[in-house]
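Inside the fold
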Amino acid sequence: MSIFCIRLNQKRELNKIKEEKNPYLNIIVKSFLEVKLNKKLNDHLEVFKLCERYRKNLLKDDRIITYEIFGLSKKIKVKEICKKATSSPIWAQFLYLIIDKLSTPFVLEIGTNLGVSGTYILSAIKNKKNSFFITMEGVPALCKIAQSQFSSIASKKKFQIIQGLYNNTFPKLIAQNLNFNILFIDGNHRKNDTLYYFNSLISNKELQCIMIFDDINWSAEMQECWSIIRKNPIVSYSINYYKWGIIIIDQSTSKFHQHFYFHLDY
Ligand SMILES: C[S@@+](CC[C@H](N)C(=O)[O-])C[C@H]1O[C@@H](n2cnc3c(N)ncnc32)[C@H](O)[C@@H]1O
């Protein structure tokens, strides 16, 4: 569907969603409208300012990061990584607003990078009881930078950075059978890998969650991947935001495969 049509149909889609009366769908739509229309953001402006101060510092950071862990000889400055790989303010704030509305968020992020999205995530959970944030990253130097930033936001009891290649770290995480209720999949944008993460995560039959996939239109294989994920029988609702694809897994609803389209930004 073209972005023009998505924008044109937005009101109708919003009405359809309201009729569903699903708590997870409501949280997503509320957060979407807040960030899109810049409404009710006053309570969060201070937090957003602090999160963006971190990005601003990274954009001046000349430290060099190496990628030996992937068998690559490339060397990139932190400021370049920050420009290219991190979530932009609008998407990071959308993520923050969703997490902020969950009473006990248990967050998994695949793709820590410099901890820019993680800064928003941790800021959203830091004052909530029974909440925790796990994030995964291969590059040791990126983990170190993110660790130092996260420690300045919240107690170490609130977060864990799992360092290592996902091939090694992901099976160990899955073996713990954790009940995440919000997941941000922003690591390895390859079809087979993303499907492997998805299928492993849904092997937990208790899973009741919002799962966000970044860059679903990044490549033909990611488009294919999104199309497979959203049609999986476990998915109750899916929302295509062009950049993000969000699914809701909610065993308490009998509705399956309701699909919605919205547009926020590229
Ligand atoms: C797009 S960045 C994440 C951006 C971050 N979520 C943000 O918005 O600030 C993806 C990260 O995943 C890591 N990554 C990709 N493939 C990986 C793999 N197979 N094992 C471990 N880390 C991986 C990369 O090193 C990179 O830092």
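Scroll up a little and you will see the structure.
I will try to describe carefully the structure that is included in this document. (Residues numbered from 1 in each chain as written. Predicted model: local features only at pLDDT ≥ 70, side-chain atom pairs only at ≥ 80, totals over all residues.)

**Looking at helix H6 (residues 89-100)**
Here H6 contains 12 residues, and its C-alpha end-to-end distance of 16 Å stays within 8% of the 16 Å for a straight helix at 1.5 Å per residue. Counting buried positions over the 12 residues of H6 gives 10, a clear majority of the element. The set of residues buried in H6 consists of Trp91, Ala92, Gln93, Phe94, Leu95, Tyr96, Leu97, Ile98, Ile99 and Asp100. Turning to H6, the residues buried within the fold contact helix H3 (23-37), helix H4 (45-58), strand S3 (106-110), helix H7 (116-125), strand S6 (182-185) and strand S7 (209-213). (Helix = DSSP H or I, 4+ residues; strand = E, 2+ residues; numbered from the N terminus. Expected span 1.5 Å × (residues − 1). Buried ≥ 20, exposed ≤ 12 C-beta atoms within 10 Å, placed from the backbone. Contact = placed C-beta atoms within 7 Å.)

**Some words on the site of the ligand**
Surrounding the ligand, one finds 16 residues, the nearest of these being Ser87, Gly111, Val116, Ser117 and Gly138. For the shell around the ligand, the per-class residue count stands at six nonpolar, eight polar and two charged. (Near = placed C-beta within 6 Å. Nonpolar A, V, L, I, M, F, W, Y, C, P; charged D, E, K, R; others polar.)

**Topic: H3**
The end-to-end C-alpha distance of H3, which contains 15 residues, comes to 21 Å, matching closely the 21 Å that a straight helix rising 1.5 Å per residue would cover. Where H3 is concerned, the buried positions are Tyr24, Leu25, Ile28, Phe32 and Val35. All buried residues of H3 project into a common sector of 110° when viewed along the axis, lining one side. If you follow the buried residues of H3, they end up packed against helix H2 (10-20), H6, S7, strand S8 (237-240) and strand S9 (245-249). Backbone geometry just downstream of H3 places Asn38 in the positive-phi region, at approximately 55°. (Arc of directions from axis to C-beta.)

**Some remarks on the environment of Phe180**
Considering the arrangement of structural elements, one finds Phe180 in the loop between helix H9 (166-175) and S6. For Phe180, a count of 22 C-beta atoms within 10 Å corresponds to the buried category. Residues Phe180 and His44, 136 residues apart in the sequence, show an inter-C-alpha distance of 24 Å. Sequence-distant contacts of Phe180, defined by excluding residues within four places in its chain, comprise Phe106, Val107, Leu108 and Cys209.

**Side note on the nonpolar core**
Across soluble globular proteins, nonpolar side chains show a tendency to be buried alongside one another. Counting residues in each nonpolar core, the largest one holds 71 residues, and the members touching the most others are Leu95, Ile99, Leu183 and Ile210. With eight residues, the top contributor of residues to this core is H6. If we skip the residues at most four places from it in the chain, Leu95 touches Ser117, Tyr120, Ile121 and Phe184. (Core = buried A, V, L, I, M, F, W, Y, C linked by C-beta atoms within 7 Å.)

By themselves, these are just geometric observations and shouldn't be taken as functional.
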